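Fold and geometry: a report
The lines below spell out each chain.
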Number of protein chains: 2
Amino acid sequence: MTVTNPLIEKKLKTAEEIAQLLPNHVTLGCSGFTPAGYPKLIPAAFAKRIEEEKKSGKTFSINLYAGASTGEELDGVLAKTGVLKLRIPYQSNSHLRNLINQGETDFIDMHLSHVVKYIEHGILPKIDVAIVEAIDVTTDGKIYLSTSSGMSATYLKNAESVYIELTDTHPLELKTYHDIYLPDHHSKSVPIPIIHPNDRIGHPYVQVTPEKIKGIVRSNKPDAATVFKTPDADCQNIAAHVLEFIQHEIKMGRIPKEYLPFQNGVGNIANAVLASMAKDPNFHAIQMYTEVVQDSVFDLIDAEKLEIASTSALTFSELGLKRFHENISKWKSKFIIRPQEISNHPEVIRRMGLIAMNTAIEIDIYGNVNSTHVMGTSMMNGIGGSGDFTRNSHLSIFMTPSLAKEGNISAIVPMVSHTDHNEHSTMIFVTENGLADLRGCPPKKRAELIIEKCAHPIYKDKLRAYYETALKVSKGKHTPHDLENALSWHVQFLKTGSMK
Amino acid sequence: MTVTNPLIEKKLKTAEEIAQLLPNHVTLGCSGFTPAGYPKLIPAAFAKRIEEEKKSGKTFSINLYAGASTGEELDGVLAKTGVLKLRIPYQSNSHLRNLINQGETDFIDMHLSHVVKYIEHGILPKIDVAIVEAIDVTTDGKIYLSTSSGMSATYLKNAESVYIELTDTHPLELKTYHDIYLPDHHSKSVPIPIIHPNDRIGHPYVQVTPEKIKGIVRSNKPDAATVFKTPDADCQNIAAHVLEFIQHEIKMGRIPKEYLPFQNGVGNIANAVLASMAKDPNFHAIQMYTEVVQDSVFDLIDAEKLEIASTSALTFSELGLKRFHENISKWKSKFIIRPQEISNHPEVIRRMGLIAMNTAIEIDIYGNVNSTHVMGTSMMNGIGGSGDFTRNSHLSIFMTPSLAKEGNISAIVPMVSHTDHNEHSTMIFVTENGLADLRGCPPKKRAELIIEKCAHPIYKDKLRAYYETALKVSKGKHTPHDLENALSWHVQFLKTGSMK
């Protein structure tokens, strides 16, 4: 699917040539949202150049901005150079994570819907260079992005120089999947005209002045394929609790019979929920208004249940991508790829009244959630869109297995070691053991429900003991805590390797 | 200003007669948002009835819903009966607070913009009776509220029976100040058509079916007047830092020269900021999109700087109210009173890009904020609108004196004992000592800035020592903590009465 035109011909370079043009102290704004639609060749060539020139004493420092996480070929290779100074706003690469948690690389962990504002207002270091993966560029500077939208439009707008990896790994019909719309800010701001997940409100391309495009490299490197495990028993139990609860809410008249649009996070639990919906005859015509679409969407398509999937990225397995390519003309009406400011916008999320499903690292007895920090200090991936969706959705569901590390960690703790979503915003908690509906519950009722419904049997007595002691020793009896021991489970784990 | 008509004549009762009609197990939805526009006579008569009938062994329990806090004549008198079972969504009455913190009364501490959803979907106990203060009722059931809008429209819609305290303490022109608009939810939801703080989008009255009105009592009891202290030196220093920063942001092009609309919380610090703006020649035409307007607005009016104040309540001192009454015809274009779902709506706040200024109880070195829980367990007032405004505003400023309790409490602590607003959502912190701009700062940079700019000199060394130890002992170096001692300042205060 090689495209060409005079602009492309004129700007064509090798990745090595482009790597030579990058400043050694540089802020890069890259495409990519999950391992989808990120540049792969220029980062590799840049990393190679860095390694070589470092030998002769040249110093480098890179600030790397992307939409969310990206693949090994971007985050991984640049992290390995050791010159990554700052990364925003989300990541999931093991090399990068290690650097962050060793205190080597700075990481700013942001609500994904807030990133545009920080870029546009110059709060963060200014973007020098945008590098995006695209499937087409026109002579007048219309850039058609590939499998993700993320922050690309904003980075392209704000960068001085633009480099493009023109990939031939997707059919050109992918062009029609994008809907690029960047809201104005402040006094020029108007309502975002999305009423329904399938509303298209912008253009399928990002417009730049052609002069800003300093180089184009042809690429045949595919996105890193994601691998999905078959959901285990815990995931299936969690999914069953979620589905039962949604049916209950429909019966109570709180969710209309035609449902509300679903958002669901990345990973095995989220996939298990969608797979279960596909199988369950109680579920039909599903709408998704989410930030990432994964292979589980095919289960819905196969069951003829997918009405629309609005997303900021398509993150498929190798097999999934093949199926997507084969059906790309047919499925145009099924998918919309939006910038993350729109996929995650509080205005739209609240208007539609989504059902949001996200994963927690740990949950405390009062319904506060830690989504980001392992034992309070080490970054896992970041808050991502979970704050945008949790706060603004009609129904917010947090899911996690009740145990981790072979049972040495309880996901239900007396007090979370870091708070990403607090008691004021959270609603429903699900583990393989059960579901706790905390809506309309004062703190002590919440503690009782979480312990009884969600905690693993091996930690229930210890949680009850903490809560009973807290009731006795706490100065305030509104949210009783034994402050001396509130974080003792984490301290014990750090010392002994177990919370038991 | 006594109004009358056949409906009023027909429904007229004494407060005592109405008190007799209330069920002894009842959920009340009352008007009131701060001590403004809440019922006063019926609660007193109900409290009296309860005290009498309790003697003969009758049991009572009351769930009390209002807009936010109310005055002593509602929260205070009902709290004193000892039969208040549940209160939502915010309070500031000392009797009630004591009951909550003794574990006697349940309190659900909610984002004020979320309350409508919880009522409409039947998450909380159903409202039996709405009691609202109004200045007029028409024969066809149009109810004109008094000095607050709050939750009244929703409670009136959802209650089975409605009782009205028809107050003659305000000129009838107050009718024109209200703009009642309740958004539809779910699939019927459309954009809220507010672009500018002075946009009127609804009706000045709440419509009910006249049959639901079961009784009207005439009232000449004014709102409890709020008393304002002259801002002390700390408040003035905080205000000076805020004003300087806003001018800096204008210079940086991040705030337009005509400003953005201001939201500011309740209390002395917020008042000091507005008073300083009134005096400062750099500030002109001010717009407010806020939830409470206090006396400080008169400073802006006197300086001919107030363009518009959109609010959910007018909370004036005795003198302030007198001035307001004298100018009520003239100031119609200066004020709009909106339901709290609209005054606090994420969609509108984000669209306008507000400058939000709220008060914190304590702040930790990484920029997490506790707005609600004293020493992690005792409820102060509640989160109120601070979450709605902090998360969605263009600029979010938290303000607090750096010391409390004669210096025995540091408002800057290693780790907050309860998190209401976390590092992902907070931006600017101000104490009398200085201002820390944490936007775009990774965690360790935040810690350095907060300690250096905001902490009180007598606690700086101790905070630095905590941070230095955390850097050494913390497993993860992204957000370093010494988990064993993260809450030790609070534990020490509870044991010794001082964090020193």
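Given the structure is predicted, the values throughout are model-derived calculations rather than measurements. (Residues numbered from 1 in each chain as written. Chains lettered and ligands numbered in written order. Predicted model: local features only at pLDDT ≥ 70, side-chain atom pairs only at ≥ 80, totals over all residues. Heavy atoms only, no water.)

Comments concerning the domain arrangement of chain A
Residue and element names in this part refer to chain A. With domains assigned, chain A is organised as domain 1 (6-219) and domain 2 (233-496). The C-alpha centroid of domain 2 is placed 29 Å from the C-alpha centroid of domain 1. Taken together, the contact pairs 50 residues of domain 1 with 48 residues of domain 2. Across the domain 1 to domain 2 interface the summed buried area is about 3900 Å²; carbon plus sulfur atoms make up 59%. Seen at the junction of domain 1 and domain 2, the total is one salt bridge. Between Arg338 and Asp179 there is a salt bridge, with the nearest N and O atoms lying 3.3 Å from each other. (Domains from an automatic or database assignment. Contact = heavy atoms within 4.5 Å. Buried area = accessible area lost by both parts, 1.4 Å probe. Salt bridge = Lys/Arg side-chain N within 4 Å of Asp/Glu carboxyl O.)

Overview of the UniProt feature "domain: Acetyl-CoA hydrolase/transferase N-terminal" (unreviewed entry) in chain A
UniProt records the feature "domain: Acetyl-CoA hydrolase/transferase N-terminal" (unreviewed entry) for residues 9-217 of chain A in the present numbering. Helix makes up 27% of residues 9-217 of chain A and strand 22%, and the two end C-alpha atoms of the span are 10 Å apart. (UniProt positions renumbered as here; feature names shortened; annotations may be inferred. Helix = DSSP H or I, 4+ residues; strand = E, 2+ residues; numbered from the N terminus.)

As for the pairing of strand 5 (residues 129-137) of chain B
Residues and elements named next belong to chain B. Counting buried residues along strand 5, nine of its nine residues qualify, which places the element largely inside the surrounding structure. As defined by bridge partners, strand 1 (residues 25-30) adjoins strand 5 across three bridges and the pair is classed as parallel. Within the sheet, the bridge partner assigned to Leu28 lies in strand 5 and is Val129. Looking at chain direction, strand 5 and strand 6 (residues 142-145) are connected through three bridges and run antiparallel. Residue pairing in the sheet places Asp136 in a bridge with Tyr144 of strand 6. The antiparallel hairpin formed by strand 5 and strand 6 contains four residues in its connecting segment, where Gly141 sits at a positive phi of about 90 degrees. (Buried < 20%, exposed > 50% of the residue type's maximum accessible area, 1.4 Å probe, protein only. Pairing = 2+ DSSP bridges.)

What to know about the pattern of salt bridges
Tallied over the full model, the rule gives 46 salt bridges over all chains. With a shortest N-O distance of 3.3 Å, Glu326 of chain A and Lys322 of chain A are connected by a salt bridge. A residue pair is termed a helical-turn pair when its members lie 3 or 4 positions apart in one helix, as Glu326 of chain A and Lys322 of chain A do in helix 11 (residues 318-326) at four residues. The same class applies to Glu326 of chain A and to Lys322 of chain A, which are both exposed. Here Glu249 of chain B makes a salt bridge to Arg439 of chain B, at a shortest N to O gap of 2.9 Å. Taken together, the positions of Glu249 of chain B in helix 8 (residues 233-251) and Arg439 of chain B in the loop between strand 24 (434-437) and helix 15 (443-454) put the pair 190 residues apart, joining distant regions of the chain. In this structure Glu249 of chain B comes out as buried when scored by relative accessible area, which is 0%. Each member of the salt-bridge network shares a partner with another, and the members are Glu249, Arg254, Asp437 and Arg439 of chain A.

Considering the UniProt feature "domain: Acetyl-CoA hydrolase/transferase C-terminal" (unreviewed entry) in chain A
Cross-referencing UniProt, the feature "domain: Acetyl-CoA hydrolase/transferase C-terminal" (unreviewed entry) maps to residues 320-466 of chain A in the present numbering. Secondary structure content for residues 320-466 of chain A is 32% helix and 24% strand, while the C-alpha to C-alpha distance between its ends is 47 Å.

Considering the environment of Asn220 of chain B
Residues and elements named next belong to chain B. As for its position among the elements, Asn220 is in the loop between strand 9 (213-219) and helix 8. With 53 residues separating them in the primary sequence, Asn220 and Thr167 have C-alpha atoms 5.6 Å apart. Apart from residues lying up to four places away in sequence, Asn220 is in contact with Asp168 and Thr169.

Regarding unusual backbone geometry
Excluding glycine, residues mostly carry a negative phi; peptide bonds, for their part, are mostly trans. Residues and elements named next belong to chain A. Residue Pro89 follows Ile88 across a cis peptide bond; omega there is -15 degrees. Relative to the elements of secondary structure, Pro89 occurs in the loop between strand 3 (84-88) and helix 5 (94-101). One non-glycine residue with positive phi stands out, namely Lys405, at about 50 degrees. Take Lys405: it is sitting in the loop between strand 20 (403-404) and strand 21 (409-410).

Points about the interface of chain B and chain A
Taken together, the contacts link 83 residues of chain B with 83 residues of chain A. A combined buried area of about 6700 Å² lies between chain B and chain A, and 55% of that area is made up of carbon and sulfur atoms. Taken together, chain B and chain A are joined by four salt bridges. Residue Arg351 of chain A pairs with Glu347 of chain B through a salt bridge whose shortest N-O separation is 3.2 Å. Here chain B and chain A share 45 residue pairs in polar contact (both at pLDDT 80 or more) between them. Secondary structure elements with two or more residues in the side of chain B that touches chain A: helix 5 (94-101), strand 4 (106-107), helix 6 (115-120), helix 13 (346-352), strand 18 (378-379), helix 14 (386-392), helix 15 and helix 17 (488-496) of chain B. By residue number, the principal contributor to the side of chain B that touches chain A is helix 13 of chain B, which donates five residues. (Polar contact = N/O pair within 3.5 Å; in protein donor to acceptor, adjacent residues only side chain to side chain.)

Considerations on the relation of the copies chain B and chain A
Take chain B, turn it by 180 degrees, move it 0.0 Å along the axis, and it overlays chain A with an RMSD of 0.0 Å. Overall, the copies show the geometry of a two-fold rotation axis. Taking C-alpha positions as the reference, the residue of chain B nearest the rotation axis is Glu347 of chain B, at 2.2 Å. Counting the interface residues of chain B, we find that 100% of their copies in chain A are interface residues as well, pointing to one common contact surface. (Least-squares fit on C-alpha atoms with pLDDT ≥ 70 in both.)

Remarks on the sheet that holds strand 22 (residues 412-413) of chain A
Residue and element names in this part refer to chain A. Strand order in the open sheet formed by three strands is 16-15-22, and the pairing between neighbours is mixed. Of all the strands in the sheet, just strand 16 (369-370) and strand 22 have a single pairing partner and so form its edges. Bridging between strand 15 (residues 362-364) and strand 22 involves two bridges; their strand directions are parallel. Following the sheet pairing, Ile363 is matched in strand 22 by Ile412.

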